[in-house]
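Chain by chain, the residues run as shown.
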Number of protein chains: 2
Amino acid sequence: MTEPVVLAVDIGGTKIAAAVVDGDGRIVAEGRTPTLAQETPEVLWKALTDLLDEVHADAGRPSPAGVGVGCSGPMTWPDAEVSPLNIPAWRGFPLRRRLSERYPGLPVRVHNDAVCVAVGEHWRGAGRGHGNVLGMVVSTGVGGGLVLGGRLADGASGNAGHVGHIVVEPGGPPCPCGGRGCLEAVASGPSLLRWARGEGWRPDDPDATGADLAADALAGHRLAREAVRRAGRAVGVALASATHLCDLDTAVIGGGVSQVGAPLFDAVREALDVHARMDFARRLRVVPTALGQSSGLIGAAALVLAGDRYWTAG
Amino acid sequence: MTEPVVLAVDIGGTKIAAAVVDGDGRIVAEGRTPTLAQETPEVLWKALTDLLDEVHADAGRPSPAGVGVGCSGPMTWPDAEVSPLNIPAWRGFPLRRRLSERYPGLPVRVHNDAVCVAVGEHWRGAGRGHGNVLGMVVSTGVGGGLVLGGRLADGASGNAGHVGHIVVEPGGPPCPCGGRGCLEAVASGPSLLRWARGEGWRPDDPDATGADLAADALAGHRLAREAVRRAGRAVGVALASATHLCDLDTAVIGGGVSQVGAPLFDAVREALDVHARMDFARRLRVVPTALGQSSGLIGAAALVLAGDRYWTAG
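Residues numbered from 1 in each chain as written. Chains lettered and ligands numbered in written order. Predicted model: local features only at pLDDT ≥ 70, side-chain atom pairs only at ≥ 80, totals over all residues. Heavy atoms only, no water.

Chemist: Please explain the overall build of chain A as it appears in this structure.
Modeler: Of the regular secondary structure elements, chain A holds eleven helices and twelve strands. Counting every position in chain A, which comprises 314 residues, the buried fraction comes to 61%. Taking the contacts inside chain A whose residues are at least 6 apart along the sequence as the reference set, 62% of them involve residues at least 24 apart. In the structure as shown, chain A presents an accessible area of about 11,700 Å², 49% of it carried by carbon and sulfur atoms. Side chains of chain A give 29 positive and 33 negative charges; the mean places of these two sets differ by 4 Å. (Helix = DSSP H or I, 4+ residues; strand = E, 2+ residues; numbered from the N terminus. Buried < 20%, exposed > 50% of the residue type's maximum accessible area, 1.4 Å probe, protein only. Contact = heavy atoms within 4.5 Å. Areas by Shrake-Rupley, 256 points an atom, 1.4 Å probe, with all protein chains shown as cover. Lys, Arg positive; Asp, Glu negative; His and termini not counted. Charge placed at Lys NZ, Arg CZ, Asp CG, Glu CD.)

Chemist: Quick question: what am I supposed to make of the packing of helix α3 (residues 113-124) of chain A against helix α10 (residues 295-305) of chain A here?
Modeler: Two measures define how a pair of helices packs: the angle their axes make with one another and the distance between the axes. Residues and elements named next belong to chain A. It is the contact of α3 with α10, at a shortest axis distance of 7 Å, that shows an interaxial angle of 80°. Taken together, the axes of α3 and α10 are roughly perpendicular relative to one another. Counting all contacts with α3, which are made through C116, V117, V119, G120, E121, W123 and R124, the residues of α10 involved are S295, G296, I298, G299, A300, A302, L303 and L305. Classifying every residue of the contact of α3 with α10 gives nine nonpolar, four polar and two charged. (Axes fitted to C-alpha atoms, helices over the stretch in contact; angles between N-to-C directions. Parallel < 35°, antiparallel > 145°, perpendicular 65-115°, else oblique. Nonpolar A, V, L, I, M, F, W, Y, C, P; charged D, E, K, R; others polar.)

Chemist: Would you mind going over unusual backbone geometry with me for this structure?
Modeler: It is generally the case that most residues other than glycine have a negative phi and that most peptide bonds are trans. Residues and elements named next belong to chain A. In this model, E3 is joined to P4 through a cis peptide bond whose omega is -10°. As for its position among the elements, P4 is in the segment before β1 (5-11). Unlike most non-glycine residues, A80 shows phi in positive territory, near 60°. Position of A80 relative to the elements: it lies in the loop between β4 (64-71) and β5 (81-82). Judged by relative accessible area, which is 0%, A80 ranks as buried.

Chemist: So what exactly am I meant to see when it comes to the sheet that holds strand β3 (residues 27-34) of chain A here?
Modeler: Whether parallel or antiparallel, the strands of a sheet pair through hydrogen bonds between backbone atoms. All names here are of chain A. If you trace the five strands from one edge of the open sheet to the other, you get β3-β2-β1-β4-β7, paired in mixed fashion. Whereas interior strands pair on both sides, the edge strands pair on one side only; in this sheet they are β3 and β7 (108-112). Each adjacent strand pair in this sheet contributes to an overall mean axis angle of 15°, direction not counted. Of the strands in this sheet, β1, β2 (15-21), β3 and β4 touch helix α1 (residues 41-58), which is tilted by about 30° from β2. Together, β1, β4 and β7 form the strand contacts of α3, whose direction differs from that of β7 by roughly 100°. (Pairing = 2+ DSSP bridges.)

Chemist: Even after reading the chapter, I still don't get the pairing of strand β1 (residues 5-11) of chain B, so can you show me in this structure?
Modeler: Consecutive side chains along a regular strand alternate between the two faces of the sheet. Residue and element names in this part refer to chain B. Along β1, seven of the seven residues are buried, which leaves the element largely enclosed by surrounding structure. Strand direction decides the pairing type here: β1 and strand β2 (residues 15-22), joined by seven bridges, are antiparallel. In the strand pairing of β2, V9 is matched with A18. Between β1 and β2, which follow one another and run antiparallel, lie three residues. Where β1 and strand β4 (residues 64-71) come together, six bridges link them in parallel fashion. Within β4, the residue paired with L7 across the bridge is V67.

Chemist: Got a minute to help me understand the environment of S188 of chain B in this structure?
Modeler: Residue and element names in this part refer to chain B. Within the secondary structure layout, S188 lies in the loop between α4 (183-187) and α5 (189-199). Its relative accessible area of 4% is what places S188 among the buried residues. On a C-alpha basis, the gap between S188 and A224 in space is 14 Å, while along the polypeptide they are 36 residues apart. With residues near it in sequence (within four places) discarded, S188 still touches S139, T140, G141, V142, L183 and V257.

Chemist: I would appreciate a short explanation of the domain arrangement of chain A in the present structure.
Modeler: A common way to report how large an interface is uses the accessible area buried once the components associate. All names here are of chain A. The assigned domain composition of chain A is domain 1 (5-113 + 294-310) and domain 2 (126-290). Once you take the C-alpha centre of each, domain 1 and domain 2 turn out to be 26 Å apart. In this assembly, six residues from domain 1 lie in contact with seven residues from domain 2. It is W77, R309 and Y310 that lose the most area in domain 1 upon contact with domain 2, and together they represent 55% of the buried surface on that side. At the boundary of domain 1 and domain 2, one finds zero salt bridges. Put simply, domain 1 and domain 2 have three residue pairs in polar contact (both at pLDDT 80 or more) between them. Broken down by element, the residue count for the side of domain 1 that touches domain 2 peaks at three residues, all from helix α11 (residues 307-310). (Domains from an automatic or database assignment. Buried area = accessible area lost by both parts, 1.4 Å probe. Salt bridge = Lys/Arg side-chain N within 4 Å of Asp/Glu carboxyl O. Polar contact = N/O pair within 3.5 Å; in protein donor to acceptor, adjacent residues only side chain to side chain.)

Chemist: Any chance you could explain the pattern of salt bridges here in plain terms?
Modeler: Charged atoms that come close allow side chains of opposite charge to pair. Residue and element names in this part refer to chain A. A full pass over the atoms with the stated rule returns 20 salt bridges over all chains. Between R26 and D24 there is a salt bridge, with its nearest N and O atoms 3.1 Å apart. Residue class for R26 comes out partly exposed when judged on its relative accessible area of 47%. Note that D50 is salt-bridged to K46, the shortest N-O span being 2.8 Å. Taken as a pair, D50 and K46 lie in helix α1 at a separation of four residues, close to a single helical turn. Where salt bridges share partners, they join E226, R229, R233 and E270 into one cluster.

Chemist: How do you make sense of the interface of chain B and chain A when you look at a structure like this?
Modeler: Counting residues at the interface gives 40 residues for chain B, matched by 40 residues for chain A. It is L245, D247 and H275 of chain B in chain B that bury the most area against chain A; as a group they hold 21% of the surface buried on that side. Summed over the shared surface of chain B and chain A, the number is zero salt bridges. Seen at the junction of chain B and chain A, the total is 20 residue pairs in polar contact (both at pLDDT 80 or more). Mapped by element, the contributors of at least two residues to the side of chain B that touches chain A are β9 (142-148), α7 (222-246) and α8 (262-275) of chain B. The greatest single-element share of the side of chain B that touches chain A, amounting to seven residues, is contributed by α7 of chain B. Here the side of chain B that touches chain A is composed, by residue class, of 21 nonpolar, 13 polar and six charged.

Chemist: Explain the packing of aromatic side chains here, please?
Modeler: The geometry of two aromatic rings is summed up by the distance between their centres and the angle between their planes. Evaluated as defined, the whole model comprises six aromatic pairs over all chains. Aromatic pair W77 of chain B and W311 of chain B: ring centres 5.5 Å apart, planes at 65°, arrangement edge-to-face. Of this pair, W77 of chain B sits in the loop between β4 and β5 (81-82) while W311 of chain B sits in the segment after α11 (307-310); the two residues are 234 residues apart in sequence, bridging distant segments of the chain. On the numbers, 4.4 Å between centres and 0° between planes, the contact of W90 of chain B with F93 of chain B is stacked. A connected cluster of aromatic rings, assembled from ring pairs, spans W45, W90 and F93 of chain A. Across from the ring centre of W45 of chain A, 4.8 Å away, lies the NZ or CZ of R98 of chain A, which sits over that ring. Directly above the aromatic system of W123 of chain B lies the positively charged group of R124 of chain B, at a separation of 4.2 Å from the ring centroid. (Phe/Tyr/Trp six-rings, centres within 6.5 Å; stacked < 30°, edge-to-face > 60°. Lys NZ or Arg CZ within 6 Å of the ring centre and 35° of its normal.)

This is the structure we're talking about:
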């Protein structure tokens, strides 16, 4: 294990993952627990701290250099009073302050979970060595993080990277954000399912999920395939806009919807062929995430271990 | 005059402006000359250097600390071999090298003219004091520059800020860039005119320009007004995408088309009301440029005078 090590946490709507991560970005010990999203704030807090104690013990209780956390949004930033859409248990929960009280003297840094995926992939994954990278997660929602000039761009309030709300179809479907025609309203898992069902996709299982739709797409089912292509084209339109605005060299795509692979990525490239024609934009490299489920944990660790590049706040 | 001073140049398709700018961003002496866009490379070069000599003499020949230049794109960056679309005289013209040879020992810094407008407005204009600003020019084309975290974002090849190629209508009109449905294809002056004529706008003067269309819009002519509103809504859609991706606090809009004022800005805000609904995005401030015709010159000067913020290259 390469010193220093940090405690890293990734808090999502269904599970919390925690790990001890070493200075090279390697996971030394790791654990998971269900997110008790409907419980009281303190029950969820105890599940989190129990998990942290457990992975810390598993790693042999090394002395941590800090705590890095990715958490579903929204949150205030950098104070991290978190109100995750998918975790009703926490509304304005002072996550950073509570962790700072529990780990006195250590830096505690909290960021959006999709930002942590982008950071993890830039630090140790598919974006490594590239200076201008958009990392995105296409899943229940569509989120992301933006690295420009080798550093995380946070924007005015820590909200840079909301790629899911690039407008890809101004007259398109309503979006959970209150807007219309956002990428998320077209390409998220639930949006895909809604569109496919609306067009007549009838899986055997009435509770079929995005994974079932992906399986049908890979098996060549026409409507499922078209649903995935439609999502991919929307991602491509958003990437064309993003790369024209930010002159990206690399887009890294992860999240459940991206697991379908070629049918999605081919449609992304097809839309880029139409919409990203300027020389600099044609150079955009589009790749899947390289760290799998661990991107977010490794990115959370990087907020502390590589704070010069990924942490601009106090 | 506050030391140091720099020589600043703004090279566009119809005119070249040059100035001596002091350390506070004030123009000490200024001159203009037509861009001899169809002449030989050396004839245009001589017109530029004669103009520089003239304004330098007018300012009393102060010792300059460097030369800052904004030039129509495209160009290689930061070497600035320029091939401006609207200046056929220069194709791969080594502007930075030639200026460095003429001013040995002085820093010479060249950037896209719309980037210089954004920089000028951030340094001394409507974006002053704000950390995350998109400056844009809506004119014959639509260009811009991006300031994030208080510094100019250049992207992978100096091309960040191409806001005119954010996709606002994926099935929309073809764009000069080769793409489709870009902001520029909807909101540039020529695009506006084309749309208005297509819809039946019949000005008395067959050579009517964007300025005539703007005048008609202000006079309440229905088609002219709708043309301007359509452009404004497209700008608003692009700004919603940009602010979701980059978490901007301010958008500064200049250029000929923006001169029409309220009919355009009202439509921009109308589209933002529909498409920028998240709390952080609703805080976006949209304002006109404050430095008028001088933004580009003052921004060119800032490449040298405030290079820590606006010049990331060697």
